[in-house]
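Each chain, written out:
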Amino acid sequence: MLLETEIDLNRMQNSCAEASRFLRSLSNPDRLTLLCELSQGELCVGDLEERTGVAQPTLSQQLGVLRREELVATRRNGKQIYYRIADSRVLTMLQSLHEMFCSE
């Protein structure tokens, strides 16, 4: 029988690992910029490229990371692929980051 403190330690370690993966996903400036733009609403790849200045190869690579981490979701409309934030924790984190680094 595990002690309550051992259970809490195991839960904490699992939570820390999950938080670390989440933060690692946000740690790239291009990915963070893309998420900031997507926090305003769904955008297609062309719009993201225009708004962020992130070049197409890098844009595709970073969107791929965000998709794999399930932070963004896509939908196709003809030839266009639209991206949106899929994880509400992203919006919470972006709000906190905005308050810490972007507010006057």
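Participant: Can you help me understand the layout of surface pockets in this one?
Facilitator: Using a probe with the size of a water molecule, rolled over the atoms, empty space left in the structure can be pinpointed. Here the largest pocket defines a volume of roughly 190 Å³. Lining the largest pocket are Leu32, Cys36, Ser39, Leu91, Leu94, Gln95, Leu97, His98, Phe101 and Cys102. Elements that contribute at least two residues to the lining of the largest pocket include exactly helix 2 (29-38) and helix 5 (88-101). At 6 residues, helix 5 tops the list of elements feeding residues into the lining of the largest pocket. Split into classes, the residues belonging to the lining of the largest pocket amount to 7 nonpolar, 3 polar and no charged.

Participant: Even after reading the chapter, I still don't get the packing of aromatic side chains, so can you show me in this structure?
Facilitator: A ring pair, where both rings are aromatic, is described by two values, the distance of the centres and the angle of the planes. Within the structure shown, the criterion is met by 0 aromatic pairs. Positioned above the aromatic ring of tyrosine 82 is the side chain of arginine 75, whose terminal nitrogen or guanidinium carbon lies 4.5 Å from the ring centre.

Participant: Can you help me understand the packing of helix 2 against helix 4 (residues 56-68) in this one?
Facilitator: Angle between the axes and distance between the axes: these two values describe a pair of packed helices. Closest axis-to-axis distance for the helix 2/helix 4 pair is 10 Å, and the angle between their directions is 75 degrees. As judged from the angle between their axes, helix 2 and helix 4 are roughly perpendicular. Touching Asp30, Arg31, Leu34 and Leu35 of helix 2 are Thr58, Leu59, Gln62, Leu63, Val65 and Leu66, all from helix 4.

Participant: Looking at this structure, I do not really get unusual backbone geometry. What am I missing?
Facilitator: Leaving glycine out, the prevailing phi sign among residues is negative, and the prevailing peptide bond configuration is trans. Backbone geometry at glutamate 70 places phi at a positive 60 degrees, although glycine is not the residue there. Summarising the element assignment, glutamate 70 is placed in the loop between helix 4 and strand 2 (72-77). According to the relative accessible area criterion, glutamate 70 is exposed, its value standing at 62%.

Participant: What is the right way to read the pattern of salt bridges from this model?
Facilitator: Charged atoms that come close allow side chains of opposite charge to pair. Tallied over the full model, the rule gives 5 salt bridges. Between aspartate 8 and arginine 11 there is a salt bridge whose closest N-O contact spans 3.7 Å. Of the two residues, aspartate 8 and arginine 11 both sit in helix 1 (residues 4-26), 3 residues apart, roughly one turn of that helix. For arginine 11, a relative accessible area of 53% gives the class exposed.

Rules of the game
- Residues numbered from 1 in each chain as written.
- Predicted model: local features only at pLDDT ≥ 70, side-chain atom pairs only at ≥ 80, totals over all residues.
- Heavy atoms only, no water.
- 1 Å grid on protein atoms, 1.4 Å probe; cavity = no way out; pocket = protein on both sides within 12 Å on 5 of 7 lines; lining within 4 Å.
- Points joined across faces, edges and corners; volume = space filled by probe spheres on them.
- Helix = DSSP H or I, 4+ residues; strand = E, 2+ residues; numbered from the N terminus.
- Nonpolar A, V, L, I, M, F, W, Y, C, P; charged D, E, K, R; others polar.
- Phe/Tyr/Trp six-rings, centres within 6.5 Å; stacked < 30°, edge-to-face > 60°.
- Lys NZ or Arg CZ within 6 Å of the ring centre and 35° of its normal.
- Axes fitted to C-alpha atoms, helices over the stretch in contact; angles between N-to-C directions.
- Parallel < 35°, antiparallel > 145°, perpendicular 65-115°, else oblique.
- Contact = heavy atoms within 4.5 Å.
- Buried < 20%, exposed > 50% of the residue type's maximum accessible area, 1.4 Å probe, protein only.
- Salt bridge = Lys/Arg side-chain N within 4 Å of Asp/Glu carboxyl O.

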